[in-house]
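# Per-entry structural report
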Amino acid sequence: MQKIKSLMTRQGLRSPQESVNDLSPIENLRIPTKEELRELHEEPPDPQAQQEIINSIEEVYFSSDSFDIVKYELERLPPVLSLQELEEYRDKLKQQQAAVSKKVADLILEKQPAYVEELERVTSLQSGLQLAVVICTNGRRHLNIAKEGFTQTSLGLLANQRKRQLLIGLLKSLRTIKTLQRTDVRLSEMLEEEDYPGAIQLCLECQKAASTFKHYSCISELNSKLQDTLEQIEEQLDVALSKICKNFEINHYTKVQQAYRLLGKTQTAMDQLHMHFTQAIHNTVFQVVLGYVELCAGNTDTKFQKLQYKDLCTHITSDSYIPCLADLCKALWEVMLSYYRTMQWHENHDQDEAAVVSSVSDGNNVIGTEENSFDRNYVKKKLEHGLSRIWQDVQLKVKTYLLGTDLSNFKYDDFIFVLDVISRLMQVGEEFCGSKSEVLQESIRKQSVNYFKTYHRTRLEELRMFLENETWELCPVKSSFSILQLHEFKFMEQSRSPSVSPSKQPASAVSSTVTLFEQYCAGGNPFEIQADSKDDETEDVLASNGYESDEQEKSAYQEYDSDSDVPEELKRDYVDEQTGDAPIKSVSRETLRSRKKSDYNLNKVNAPILTNTTLNVIRLVGKYMQMMNILKPIAFDVIHFMSQLFDYYLYAVYTFFGRNDMFESTGLGLSSSRLRTTLNRIQESLIDLDVSADPSGTLTAAEERKEKVPSPHLSHLVVLTSGNSLYGLAERVVATESLVFLAEQFEFLQPHLDAVMPAAKKPFLQQFYSQTVSTANELRKPVYWIVAAKAIDYEQMLLLMANVKWDVKEIMSQHNVYVDALLKEFEEFNRRLNDVSKRVRIPLPVSNILWEHCIRLANRTLVEGYANVKKCSNEGRALMQLDFQQFLMKLEKLTDIRPIPDKEFVETYIKAYYLTENDMESWIKEHREYSTKQLTNLVNICLGTYINKKARQKLLATIDDTDRPKR
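Thresholds, definitions, all that
- Residues numbered from 1 in each chain as written.
- Predicted model: local features only at pLDDT ≥ 70, side-chain atom pairs only at ≥ 80, totals over all residues.
- Heavy atoms only, no water.
- Core = buried A, V, L, I, M, F, W, Y, C linked by side-chain atoms within 4.5 Å.
- Buried < 20%, exposed > 50% of the residue type's maximum accessible area, 1.4 Å probe, protein only.
- Helix = DSSP H or I, 4+ residues; strand = E, 2+ residues; numbered from the N terminus.
- Contact = heavy atoms within 4.5 Å.
- Polar contact = N/O pair within 3.5 Å; in protein donor to acceptor, adjacent residues only side chain to side chain.
- Disulfide = S-S within 2.5 Å.
- Phe/Tyr/Trp six-rings, centres within 6.5 Å; stacked < 30°, edge-to-face > 60°.
- Lys NZ or Arg CZ within 6 Å of the ring centre and 35° of its normal.

By size, the foremost hydrophobic cluster in this structure holds 224 residues, and its most contacted members are Tyr 866 and Phe 887. Here this core gets 16 residues from one element, more than from any other, and that element is helix 20 (residues 635-658). For Phe 887, the residues in contact, after removing those within four places along its chain, are Val 819, Leu 822, Leu 823, Phe 826, Ala 858, Asn 859 and Leu 862.

If you trace the backbone, Arg 424 turns up in helix 14 (residues 412-433). Overall, the relative accessible area of 5% leaves Arg 424 in the buried class. With 95 residues separating them in the primary sequence, Arg 424 and Cys 329 have C-alpha atoms 9.5 Å apart.

In this section: the side chain of Asn 525. For Asn 525, the location among the structural elements is in the loop between helix 16 (516-519) and helix 17 (550-556). At a separation of 2.9 Å, a polar atom in the side chain of Asn 525 contacts the main-chain amide nitrogen of Phe 527. The residues touching Asn 525, leaving out its near neighbours within four places in the chain, are Lys 330, Trp 333, Glu 334 and Tyr 520.

Before going further, it helps to spend a moment on the state of the cysteines. On inspection of all chains with the given rule, the structure shows 0 disulfides. Counting only cysteine sulfurs, Cys 313 is the nearest neighbor of Cys 324, a cysteine outside any disulfide, at a range of 7.5 Å. Cys 329 forms no disulfide, and the closest cysteine sulfur to it belongs to Cys 324, at a distance of 9.5 Å. Assessed through its relative accessible area of 0%, Cys 329 is described here as buried.

Next up on the list: the packing of aromatic side chains. One pass over the structure, following the stated rule, counts 38 aromatic pairs. Put simply, the rings of Phe 277, Trp 333, Tyr 339, Tyr 340, Phe 432, Phe 517 and Tyr 520 pair up and form one aromatic cluster. Positioned above the aromatic ring of Phe 636, the side-chain terminus of Lys 761 is 4.6 Å from the ring centre. Looking at Arg 860, its charged tip hangs above the ring of Phe 905, at a distance of 4.5 Å from the centre.

Let's shift gears to the side chain of His 252. With respect to the helices and strands, His 252 occurs in helix 9 (residues 250-263). Judged by its relative accessible area of 10%, His 252 is buried. What His 252 contacts, discounting residues up to four positions off in sequence, is Glu 194, Tyr 196, Ala 240 and Ile 244.

Below, the structure written as structure tokens:
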């Protein structure tokens, strides 16, 4: 019944319910009677109705084959039976049975063609199997016949084949014996061809063959001879291994390694190789230094060959020191490069072997693989350990050479080259084995500190000489001038790469990913001496006498087309006094330019103001930074010396142009406390004031004086006393603004200096910038104050003011003459300032400071003049205000400075004349900027006729109390 149900389901019929557990047994299915079948056939089949009848069958009929239908139906009968209900229920069961029977019959009829087809296939297969049995039987019968017919012939053939094999073996033995007899000749040829693996392989094969054929008397003595030959091959192999240390060749080294592997002495070969490298380093450096010593000695005396390497280094002369150092490093580079390539060869070889082993690994090669792996690990560790050992030998050899000569008297470029070479060598060491090269660093640090102290002392003396001979003329540079255009700062622009020497590499650059070994592995040497590009390049920083292009020159001189007005003597050739170069343009135009260039100063508006000395200091700073960039351990010493260059330049400018005790005592705060502190520090730490001191003093005092420099003296060619030149204003501008420019360059370099400065010393750098470099602008006030104080005749103004009658009885409408005189002085000052600006560009801050100083001094002179008044009326006070307003009105047309400096200083003083007794006391306490004389005059003149003596004494006492803290 389950089969019927599943068949019905595959035909698209659904079970009545999903939880089917049991089916009624097939044997209990009653076969419908003929009448029932007839009724079924007579009734038209309705598939939907049939399906509904099947779905109405209870699930219990589909449960299992062991289900008892009769018992189930009997148990379902009600206690009280009804014939009609039983017949109805019977008819329902008959309908269900008929529907199931009809469905089964339809399914059987549907599957009958497939049954017939499958039955035909089974019949066909049976026939084929019967035919195969017949064929196999016939084949076996024929094989038996062939076996019985050919047995005797086969045995004959086998016997002949056996004889043939024996004869072939004999022939092979004879040929082997013949080959063994000729082995010596072939071995010699292979050794001459440096085919060591082939020679060893041949020798080992011969030994094996000799032991195999030892029963032959003709080769009984061959074993001992082959053993001697093998030892001779090992000796030649060791010589070949030593050649690797100076000139590594892949094919040569591959043959040597293969040969040692055949001998089973891979580890021994590695020990020998390290011994050869150590010996190669010693022999190389000795031969290089010996060659230069003998060359300089000029004879072939053999006494130098018996000297120790340390003693030999002391015989190197200064002229041959650098070439010898370069050759020494080149030779050592070749040794280290050979070691590097040796390691590279082993790394590649190990990778190839590992790949081969992994691709063909099997159980038979486990022992051999483990042995090879042990050898590879031994070689790898030996090579890694040898890196630091070889580099240590190199360091010691170079250190001995470095310390064998005193470098303190070398030229700067020569010493920089030495630092370049050593820095490059330390870079090689870092790439070679990750070493920081402490031995080299310490040795070069000693030489650098010793050299740099001497060099810096000389440079300071040169700077003093430059300053004392400086005429403070403008050095004509282009408006686009930058210190990076100078040769000394080229290293800051160039990218850091192995081809660039360390002194020309930036301090804060990132190192290239390509190492020196990778770059020069194929050929070349990083220590090759190359001609400095400085000789071929030119610095395009100087302007042609202040003009940056022919177009500017043409526009400047377009109104001077003819040189007929130029005297003949001015048309002759001359050398420009500023640049020292002969002019390139026509003589007449160059001469005209020198005469008329001041009329066209607008072409140089943006050009920096600096002198030749300033440029020299900047170049020195660049050289110091080069040395510091190469040798960072002495960075603090170098930066300290750089700060002394700036300190000395600052002190010189102040000493030449800013020091004036008379004006310092005015109390106007011209020199800030920070500037005074800086100048005092420079004077105490750097300036040797006692030049004529007794040289027989203590050693400590002598050492301290050795670190100091005498104070510079202004050149006698610089005139600061002429009123026409505004008391050397052009020179003062050039000097002060060149100092400001120098300070700006130091500010620009601060990040580079900070990057190399040790962390513990960075406070020094910060203090230098905050207390020294930043004070350069503050030096303008005292320098230009001297010009402002002398440019206008303030004493004459006081005399004119003294002649004015201030006790007038009526209000005046006309100002006094002293105002016109003062304004005329200012107009003359403005004219002379314009004249100076034609020689030297006067920056706006300088112009403002000059005007501010002059106006401030004039206003204070006005107050001083008013304070000298003996008698004054109210109308006189009004006249003071009229004069001052007239002065301000005319002054504002001459200058753009707003507000007018100290304007309130004058106005407040004039207005104080109108104060009462009570207001005057509080006013005196609030205005401490006035002098005691000025305040006393206010009390005596303003209130003298209105207050009694006691009140006057009280106000005078208040003035005295106010003035006491100023003393």
